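Chain and residue survey
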Amino acid sequence: MSITTTTSLQNAVHEKYLELHGDTPLLVRSPGRVNLIGEHTDYNQGLVLPAAINKNIIVAIGKRDDRHIQLYALDQQESFDAALNALERSPLLWPDYILGVVQQLQQRGHDVGGFNLVFGGDIPQGAGLSSSAALECATGFALNELFDLDISRLDIALAAQAAENEFVGVKCGLMDQFASVFGKEQQLIKLDCADFSYDYIPFNNPDLCIVLFDTQVKHSLASSAYNERREQCERGVALIQQHHQHVKSLRDVTIEQLDEYVKPVDATVYNRCHYVVSEIKRLQDGCEDLKNDDFNAFGQRMFETHDGLQHLYEVSCDELDVLVDLVRDNDAVLGARMMGGGFGGCTINLVKIDQVQNLVDTVIGAYNERTGRTAQAYIANISGGTNVILD
Ligand code: GLA
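So, how was this worked out
- Residues numbered from 1 in each chain as written.
- Predicted model: local features only at pLDDT ≥ 70, side-chain atom pairs only at ≥ 80, totals over all residues.
- Heavy atoms only, no water.
- Helix = DSSP H or I, 4+ residues; strand = E, 2+ residues; numbered from the N terminus.
- Rg over C-alpha atoms; globule rule 2.2 N^0.38 Å.
- Buried < 20%, exposed > 50% of the residue type's maximum accessible area, 1.4 Å probe, protein only.
- Contact = heavy atoms within 4.5 Å.
- Pairing = 2+ DSSP bridges.
- Expected span 1.5 Å × (residues − 1).
- Arc of directions from axis to C-beta.
- Near = heavy atom within 4 Å.
- Polar contact = N/O pair within 3.5 Å; in protein donor to acceptor, adjacent residues only side chain to side chain.
- Areas by Shrake-Rupley, 256 points an atom, 1.4 Å probe, with all protein chains shown as cover.
- Nonpolar A, V, L, I, M, F, W, Y, C, P; charged D, E, K, R; others polar.
- Domains from an automatic or database assignment.
- Salt bridge = Lys/Arg side-chain N within 4 Å of Asp/Glu carboxyl O.
- Axes fitted to C-alpha atoms, helices over the stretch in contact; angles between N-to-C directions.
- Parallel < 35°, antiparallel > 145°, perpendicular 65-115°, else oblique.
- Left-handed = near helix turned anticlockwise from the far one by under 90°.
- Disulfide = S-S within 2.5 Å.
- Phe/Tyr/Trp six-rings, centres within 6.5 Å; stacked < 30°, edge-to-face > 60°.

**Looking at the overall build of the protein chain**
A tally of regular secondary structure across the protein chain gives 11 helices and 13 strands. Its C-alpha radius of gyration of 21 Å places the protein chain within 12% of the 21 Å reference for a compact globule of 391 residues. Within the protein chain, buried positions represent 59% of all 391 residues. Put simply, 71% of the contacts in the protein chain that link residues at least 6 apart link residues at least 24 apart.

What follows is the structure, given as structure tokens:
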């Protein structure tokens with residue numbers, strides 16, 4: 001149940017690289033993430049509160065003498081070749097997370113040469129733990145090291161996000177990539193997506209832990225609905241801008257402005273924007289709770305976030321709602337909500353550590369009764385961000 005990247009994964013990636021290419025590779029790891037509060041706020045210039053977890057993508061990389069890229073995915077046991085001067089989307093999907101980053105670095109004027117890359121990971125895929133961001137960030141970080149490109153951590157995260165926006169086609173915000181690159185052990189990252197300033201907030205209460213319940217579903221509308229939500233937020237901003245030109249994003253907007261200019265025009269856009277404006281405030285209040293060690297109050301806000309995501313932003317699904325409802329009145333759980341983009345993946349739960357096993361057994365049993373599905377449970381430990389693995 002606990003989340004640990006084993007050295008065996010690292011060894012498997014390393015050995016596969018040696019088998020395919022022979023030379024000694026550079027090894028880089030980049031983690032998945034959780035987010036405590038602040039959901040769908042990043043692309044609205046709001047705040048987020050993610051942390052890197054000890055589940056990783058590991059990349060082995062080495063230079064080639066020509067202008068080719070040769071990729072191998074250990075989990076899928078698939079390879080893919082590309083030419084540096086003709087990057088295009090692949091039918092396999094996973095190469096896009098790597099090729100998109102290469103393209104972004106090229107567009108930023110960096111001299112990326114030919115390379116071989118093998119990767120593997122233990123971040124559950126489709127679970128909303130950002131395995132794709134981890135792959136993008138591991139790639140960016142590894143290319144930076146291999147070709148001495150002198151790119152900052154922030155620019156690696158931004159290039160990874162742009163790869164996902166432009167090459168993969170999901171208009172995500174910066175949260176996942178930033179958390180992967182900037183993660184720190186036992187620290188949450190309070191990131192302000194308006195100007196990329198950030199603070200670390202300690203998260204080391206010995207009585208509590210973070211439990212993820214994985215619905216084991218990923219509904220197919222996830223990425224189209226995600227892009228649609230983003231457009232709806234932009235529409236809300238445009239309606240207010242007609243009256244207040246200084247307003248550039250929902251970060252600058254008040255509930256009163258939404259009531260006045262959006263509510264009479266479009267009820268759906270109003271609901272979306274109402275959720276986002278409330279969530280930005282909720283995160284700020286939640287950070288005060290953490291400062292005061294008031295985890296009960298923080299947990300209540302997590303439930304409120306879920307309610308907003310379920311009813312106003314409408315990115316939840318039956319399976320996620322069942323998992324949250326199952327813990328609402330459980331004394332072991334201080335707070336719970338769906339996490340990430342939505343339409344499947346995991347709930348995040350703040351749990352009393354001495355009651356974890358009991359809780360997991362109860363929830364998995366009841367979820368199975370209600371949905372016929374088998375949920376997975378993971379304990380997420382907060383870990384460090386992207387780094388080179390030294391032998
Ligand atoms: C996905 C995106 C993030 C963020 C979350 C929702 O994980 O990649 O940028 O928008 O959804 O908070």
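Right, picking up where we left off after that structure.
**Examining the pairing of strand β6 (residues 115-121)**
Most of β6 sits out of view: seven of its seven residues are buried. The side-chain alternation of β6 yields two buried faces, one formed by F115, L117, F119 and G121 and the other by N116, V118 and G120. Looking at chain direction, strand β3 (residues 50-63) and β6 are connected through seven bridges and run antiparallel. Pairing of I61 across the sheet is with L117, part of β6.

**Considerations on helix α1 (residues 7-21)**
Residues three or four positions apart in an α-helix share a direction because the helix packs 3.6 residues into each turn. When the terminal C-alpha atoms of α1 are compared, their 21 Å separation across 15 residues agrees well with the 21 Å that a helix rising 1.5 Å per residue should span. Buried residues of α1: L9, Q10, V13, H14, K16, Y17 and H21, and no others. All buried residues of α1 fall inside an arc of 160 degrees around its axis, so they share one side. Turned more than 90 degrees away from the buried face of α1, the exposed residues are T7, E15 and E19. Contact partners of the buried residues in α1: β1 (26-35), β3, β4 (68-73) and β6. A positive phi of about 90 degrees marks G22, the residue just after α1.

**Regarding the site of the ligand**
Taken together, R33, E39, H40, D42, Y43, C172, G173, M175, D176, Y226, G340 and G341 form the complete shell of residues around the ligand. Within the side chain of E39, a nitrogen or oxygen atom sits 2.6 Å from an oxygen atom of the ligand. Burial of the ligand by the protein amounts to 92% of the accessible area it has alone, namely 310 Å². Across the shell around the ligand, the residue classes tally to four nonpolar, four polar and four charged. Both domains that furnish three or more residues to the shell around the ligand are identified here as domain 1 (6-204 + 383-388) and domain 2 (208-380).

**Here's the deal with the domain arrangement of the protein chain**
Considered domain by domain, the protein chain is made up of domain 1 (6-204 + 383-388) and domain 2 (208-380). Here domain 1 is connected to domain 2 by two salt bridges. In this structure, E39 and R337 form a salt bridge, with 2.8 Å as the shortest nitrogen-oxygen distance. When residues of the side of domain 1 that touches domain 2 are traced back to their parent elements, those giving at least two are β1, β2 (47-48), β3 and β7 (187-192). Across the side of domain 1 that touches domain 2, the residue classes break down as 17 nonpolar, 12 polar and six charged.

**As for the sheet that holds β7**
If you walk across this open sheet you meet the three strands as β2-β7-β8, and the pairing is antiparallel. Because the sheet does not close on itself, it has two edges, and the strands there are β2 and β8 (197-202). Pairing geometry for β2 and β7, over two bridges, is antiparallel. Within β7, the residue paired with L47 across the bridge is D192. The strands touched by helix α5 (residues 175-182) are β2, β7 and β8; relative to β7, the strand with the most contacts, the crossing angle is about 135 degrees.

**Description of the packing of helix α10 (residues 318-327) against helix α11 (residues 356-371)**
Packing of α10 against α11 brings their axes to within 10 Å, and their N-to-C directions diverge by 135 degrees. In this view, α10 runs oblique relative to α11, as classed from their interaxial angle. The hand of the α10/α11 crossing is right-handed. In this structure, α10 contributes E319, V322, L323, L326 and V327 to the contact, and α11 contributes L359, V363, A366, Y367, R370 and T371. Looking at side-chain class alone, the contact of α10 with α11 contains eight nonpolar, one polar and two charged residues.

**Focus on the state of the cysteines**
For the coordinates displayed, the defined rule picks out zero disulfides. In this model C172 remains outside any disulfide bridge; the closest cysteine sulfur is found in C137, 9.9 Å from its own. Since its relative accessible area comes to 7%, C172 is described here as buried. No disulfide involves C193; its sulfur sits 11 Å from that of C172, the nearest cysteine.

**Description of the environment of D321**
Within the secondary structure, D321 sits in helix α10. What makes D321 buried here is its relative accessible area of 13%. Counting along the chain gives 132 residues from D321 to I189, while the straight-line C-alpha distance between them is 27 Å. In this view, D321 contacts H306, Q310 and S316; residues no more than four positions away in its chain are not counted.

**Quick notes on the packing of aromatic side chains**
Overall, the coordinates contain eight aromatic pairs when judged by the stated rule. Pairing F178 with F182 gives two aromatic rings, centres 4.1 Å apart and planes at 10 degrees, and the pair type is stacked. Of the two residues, F178 and F182 are both situated in helix α5; the distance of four residues between them amounts to about one turn of the helix. Assigned by exposure class, F178 and F182 land together as buried. By the ring-pair criterion, three or more aromatic residues cluster together here, those being F178, F182, Y198 and Y200.

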